[in-house]
Amino acid sequence: ALAKLAAENAAAENASSCASEQACKSSSPDARSPPSQKSPNASVVAETYEFCVTPPALPTNLPLGVASGAAGGVVAAVGSGAPAVANGAHAASEPRQLLPNGSRSPVGHGRTKGARSPPLSRPPSAPRGSSLSRSRPPSAPQSNSLSRVHSLQRIPAPNTNCRNSGAGTPDAKTRSPVQTPNRSGAATPIGIAQARQIMKLAQMQHGVDSKEALQAASQLALQLEEQQPSSEEAGTLLRRVLAGFETLYGSEHEETLKAVNNLAVFLDNSGDGEGAVELYHRAVAGRRRQLGSSNPYTLDSLYNLASFLVHSGDAAEAEEVFREAHAGCLSTFGANHHGTLDCLARLIDLLEARGACREASEFCRQLQQGRQATVGAHHPESVRTLASLASLLAAADEVNEETERVYRDALSRHEQQFGLDDPATLELTYNFACFLERFGKPAQAEALLRQGHAACEKAFGVNSGVALGYIDDLAIHLEAAGRTAEAEEFFKRSLAGREQSLGPSHEDTLRSCGNLAVFLDNDGRGAEALQLYRQVLEARQTTLGASHPKMLESSYNLAVCLADQGLTEEAVANFVPLFKSLEEHLGPESEWVLACADKLGELLRDTGKLEAAEEMFRRVYASRAREAGADEAISREVADAAYNLAICLTQQGRSGEAEPLFRSCAIGYMRADSAHDPYTLDAVFNLATCIEDQGRLAEAELLYQATADGRRKSLGADDADTKHVESVLLSLRSSSQMSAAGKGKAAVSEEIQKLLKELGSVDAQSA
């Protein structure tokens, strides 16, 4: 009976190997598929498989305006074969971010873009009159911006001929073992019951702690993980296997290291990151010593470790490990091996995430060559990689004919492979239009969008999701070009089309309504926008619930619009609960929380609640300062926060506390922009006011003079701001206090002398 079972097991192992190969060819793009092709140490009883890693599920409460890949820490392989929409599901209706010119398209990444949320823009110049009533805009994202809405109904056909193109849902089984050597026999897959029986027989024949019994226990653990992920029994078995091999062979044996890797993957999939990373490092170090850096098993462990580091947010170390894994795969398997290409794809994602787009584009060229050599130029993987290359070239400021050619080639292949109504085709078309406008070809950009809209309208209908998607893109494009009348017509067409096809309460309809509200708000028609903001908020309260990210975004838009319309009390009443909710769901350091705190502080200050306003401004300043760390260069974000806090302190008569803040933000603005930038001169003017309040009139005079000189150069002698500071300076010089101070020796502090020197103003000592 034992011999019969052993023979059946050998046949089952061969079947598992075949199934493993197929699984590796159809695993999801986020699965960590190891690059090795074979496993040493075959066993008569049961081959010990190694686990691949399943990435953690994405969080459902994503931060507002942040792509899900960023929030969840998941980086999908570039050019993966996964369709842009999960098989068997409709296209996501989540709005795509309106990407800046030359930014990279998410085609082929499997990332869902959040609401378009660029940083708040700075006003072009200082306002008239005294600067003490002015707040700096926060550098956090702002939600009252246009989002592109996609509500496409096409379901792409599954890709069955490319690696990494399998199930696209988080619940899909993506774990697959490293392939084992093929053996002859019938392809009958082994199940949990058979694996359990084999383990019991091995224990009876060879002993509980024998090599054969431990390998059979590993096989059972694998089967349990396949059908019952993260089961307690599987974890118990894997720990027992590791302890057994350590006792039999020591901590550095190949079987022990294999057990270390398996337990690491299990802990990773179970959410025990601390335990997993320790074992990943142990497996890598041990296999380097025992097998060498280029051994397939060493490369497997490197790949698993790097993937874990990506998911845990340690991008710098992940990049370093992926570079090592890529170099090893390149030397061991060659440039066109799937393991080499997988490592290359992950490296591209990491480089892009840290802004190294030029190096990423060079790697993407290599990836594209490898894809074309292995699966052909028109394969979905090759097409998506080509689209990524175009976007990376644009992001690397390669605004030239070559990038345009790559874009056109990618778009042509994309339309042929996936169709006009594929969400990624629409995204790629829009990004190409942005590139053309950046390349000085706005007419071609508009023509491209109109051509796409006409084709989709003819093929799928006037109110089809893809046709309305092009309407959105055209509206945003026209608004950016200053053609507001035409843009408004398209925004209204988009809203009317979705109301007719989806109904007034559908989320896509509400996003179109929000876009129109933002447009009207930006066009100075706040009263009309306010009505639409209220409409969107009321509808989302019913459909999404109070804590949904889109609900919080709508609340923020409404509160800001209320403030802009002078409805301060109602704005504060909206901001206070919104601030608490954002802090609860996103954390105290979130950009949205800081933006809300800044705006709430401004409103509280304007209503005379200075202590409450100070608390808000201090929170923002402290967070910005912590983020900057020990860096001596003051960023614009820190300078903005310091400025707002200093204004609030000055209004409370605390000029001594405000002085160092004004001094630091003046230096920050000067180094970020110039000595004659309006923000720099505002800070210098307010610093002079603080010093004057403290009776240091000679220093105040020098600072007022520097402000007047700067404003004459930047704004002109007839500008109201220039005349204002000259009037203040004249008043100071004619005062009796100044006359009395002039009789004695004027002392100018070292800090003020340094500031005046950087401003290029009059030397303090000679003055």
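Residues numbered from 1 in each chain as written. Predicted model: local features only at pLDDT ≥ 70, side-chain atom pairs only at ≥ 80, totals over all residues. Heavy atoms only, no water.

What exactly am I supposed to notice about the overall build of the protein chain here?
Looking only at helices and strands, the protein chain features 30 helices and 0 strands. Each of the 767 residues in the protein chain was classed as buried or not, and the buried ones make up 55%. In the protein chain, 69% of the contacts between residues at least 6 apart in sequence involve partners at least 24 apart. Carbon and sulfur atoms provide 51% of the accessible area of the protein chain, an area that totals close to 30400 Å². (Helix = DSSP H or I, 4+ residues; strand = E, 2+ residues; numbered from the N terminus. Buried < 20%, exposed > 50% of the residue type's maximum accessible area, 1.4 Å probe, protein only. Contact = heavy atoms within 4.5 Å. Areas by Shrake-Rupley, 256 points an atom, 1.4 Å probe, with all protein chains shown as cover.)

I tried to follow the nonpolar core on my own but got confused; where do I start?
Note that soluble globular proteins tend to have their nonpolar side chains buried in a common cluster. The biggest cluster of nonpolar side chains holds 177 residues, and the ones touching the most others in it are Phe575, Phe662, Leu703 and Tyr704. Leave out the neighbours within four places in its chain, and tyrosine 704 touches Phe685, Ala688, Thr689, Glu692, Val725, Val728, Leu729 and Leu732. (Core = buried A, V, L, I, M, F, W, Y, C linked by side-chain atoms within 4.5 Å.)

Help me out: how do you make sense of the packing of helix H10 (residues 338–353) against helix H11 (residues 357–375) in this one?
A pair of packed helices is characterised by two quantities: the angle between their axes and the separation of those axes. Their axes nearest at 9 Å, the elements H10 and H11 cross at an angle of 155°. Looking at the two axes, H10 sits roughly antiparallel to H11. Helix-helix and strand crossings are classified by hand; for H10 and H11 the assignment is left-handed. Residues Leu341, Leu344, Ala345, Leu347, Ile348, Leu351 and Glu352 of H10 form the contact with H11, whose own contacting residues are Cys357, Glu359, Ala360, Phe363, Cys364, Gln366, Leu367, Gly370, Arg371 and Thr374. The residue makeup of the contact of H10 with H11, split by class, is 11 nonpolar, 3 polar and 3 charged. (Axes fitted to C-alpha atoms, helices over the stretch in contact; angles between N-to-C directions. Parallel < 35°, antiparallel > 145°, perpendicular 65-115°, else oblique. Left-handed = near helix turned anticlockwise from the far one by under 90°. Nonpolar A, V, L, I, M, F, W, Y, C, P; charged D, E, K, R; others polar.)

What exactly am I supposed to notice about the environment of glycine 286 here?
Within the secondary structure layout, glycine 286 lies in helix H7 (residues 273–291). Given the relative accessible area of 0%, glycine 286 is considered buried. Along the sequence, glycine 286 and threonine 298 sit 12 residues apart, while their C-alpha atoms lie 8.6 Å from each other. Once residues lying within four places of it in the same chain are set aside, the contact partners of glycine 286 are Glu252 and Leu257.

I would appreciate a short explanation of helix H25 (residues 655–672) in the present structure.
Helical periodicity: at 3.6 residues per turn, an α-helix aligns residues three or four positions apart in one direction. Taking 1.5 Å of rise per residue, the 18 residues of H25 would be expected to cover 26 Å, and the 25 Å separating its terminal C-alpha atoms lies within 8% of that figure. Inspection of H25 places Ser655, Ala658, Glu659, Leu661, Phe662, Arg663, Cys665, Ala666, Ile667, Gly668, Tyr669 and Met670 among the buried residues, and these make up the whole buried set. Buried-residue contacts for H25 involve helix H23 (610–628), helix H24 (636–651), helix H26 (678–693) and helix H30 (750–759). (Expected span 1.5 Å × (residues − 1).)

Is there a simple way to explain the packing of aromatic side chains in this structure?
What characterises a pair of aromatic rings is the spacing of the ring centres plus the angle enclosed by the ring planes. This structure, assessed with the given rule, holds 13 aromatic pairs. Centre to centre, the rings of tyrosine 669 and tyrosine 679 are 5.2 Å apart; their planes meet at 85°, and the pair counts as edge-to-face. Of this pair, tyrosine 669 sits in helix H25 while tyrosine 679 sits in helix H26, placing them 10 residues apart in sequence. Its relative accessible area of 1% is what places tyrosine 679 among the buried residues. Linked through ring pairs, Tyr407, Phe432, Phe435 and Phe439 together constitute an aromatic cluster. (Phe/Tyr/Trp six-rings, centres within 6.5 Å; stacked < 30°, edge-to-face > 60°.)

Just checking my understanding: could you explain unusual backbone geometry for this structure?
Negative phi values dominate among residues other than glycine, just as trans dominates among peptide bonds. Not every positive phi belongs to a glycine, and serine 230 is a case in point at roughly 60°. Tracing the chain through its elements places serine 230 in the loop between helix H4 (211–227) and helix H5 (232–249). Even without being a glycine, aspartate 397 presents a positive backbone phi close to 65°. Relative to the assigned elements, aspartate 397 resides in the loop between helix H12 (380–395) and helix H13 (401–418). Of the residues examined, aspartate 397 reaches a relative accessible area of 54% and is grouped as exposed.

So what exactly am I meant to see when it comes to the pattern of salt bridges here?
Where charged atoms from two side chains of opposite charge approach closely, those side chains can pair. Within the structure shown, the criterion is met by 50 salt bridges. A salt bridge links glutamate 446 to arginine 450; its shortest N-O distance comes to 2.8 Å. In this pair, glutamate 446 and arginine 450 are both assigned in helix H15 (residues 442–460), 4 residues apart and thus about one turn of the helix distant. A salt bridge links arginine 618 to glutamate 614; the shortest N-O distance between them is 2.8 Å. Of this pair, arginine 618 and glutamate 614 both sit in helix H23, 4 residues apart, which is roughly one turn of that helix. You can call glutamate 614 buried: its relative accessible area is 9%. Connected through salt bridges with shared partners, the residues Glu488, Lys492, Asp523, Arg525 and Glu528 form a single ionic network. (Salt bridge = Lys/Arg side-chain N within 4 Å of Asp/Glu carboxyl O.)

Just checking my understanding: could you explain H11 for this structure?
In this model H11 runs 25 Å from its N-terminal to its C-terminal C-alpha over 19 residues, within 8% of the 27 Å that 1.5 Å per residue would give. Among the residues of H11, those classed as buried are Cys357, Ala360, Ser361, Phe363, Cys364, Leu367, Gln368, Gly370 and Arg371. Buried residues along H11 sit against helix H9 (315–333), H10, H12 and H13. Within two residues after H11, glycine 376 carries a phi angle of roughly 100°, on the positive side.

Sorry if this is basic, but what is going on with the environment of glycine 207 here?
Assignment of secondary structure puts glycine 207 in the loop between helix H3 (192–206) and H4. On the basis of relative accessible area, glycine 207 is assigned to the partly exposed category, the value being 24%. Setting aside residues no more than four positions away along its own chain, glycine 207 makes contact with Ala202 and Ala213.

What is the right way to look at the packing of helix H21 (residues 568–586) against helix H22 (residues 591–606) in this model?
The geometry of H21 relative to H22 is characterised by a closest axis approach of 9 Å and an angle of 155° between their N-to-C directions. Considering the angle they form, H21 stands roughly antiparallel to H22. Of the two elements, H21 crosses H22, and the hand of that crossing is left-handed. Contacts between H21 and H22 involve Thr568, Ala571, Val572, Phe575, Val576, Leu578, Phe579, Leu582, Glu583 and Leu586 from the former and Trp592, Val593, Cys596, Ala597, Lys599, Leu600, Leu603 and Leu604 from the latter. Grouping the constituent residues of the contact of H21 with H22 by class yields 15 nonpolar, 1 polar and 2 charged.

Help me out: how do you make sense of the side chain of threonine 680 in this one?
Relative to the helices and strands, threonine 680 resides in helix H26. Overall, threonine 680 belongs to the buried group, its relative accessible area being 0%. Apart from residues lying up to four places away in sequence, threonine 680 is in contact with Ala666, Tyr669, Met670, Ser674, Ala675 and Leu759.

Please explain the environment of aspartate 342 as it appears in this structure.
Tracing the sequence through the fold places aspartate 342 in helix H10. Judged by relative accessible area, which is 4%, aspartate 342 ranks as buried. Remark: the alpha-carbon pair of aspartate 342 and cysteine 329, spanning 13 residues in sequence, is separated by 9.7 Å.

What exactly am I supposed to notice about the confidence of the model for the protein chain here?
Interpretation of the predicted coordinates at a detailed level should be avoided for regions scoring low in pLDDT. Taken over all residues, the pLDDT of the protein chain has a mean of 75, while the share at 70 or more is 72%. Within the protein chain, helix H2 (residues 68–72) has the poorest average pLDDT of any element, 29, and helix H17 (residues 484–502) the best, 94. The low-confidence segment residues 12–188 (pLDDT under 50) makes 526 contacts with residues lying over four places distant or belonging to another chain. (pLDDT = per-residue confidence, 0-100.)

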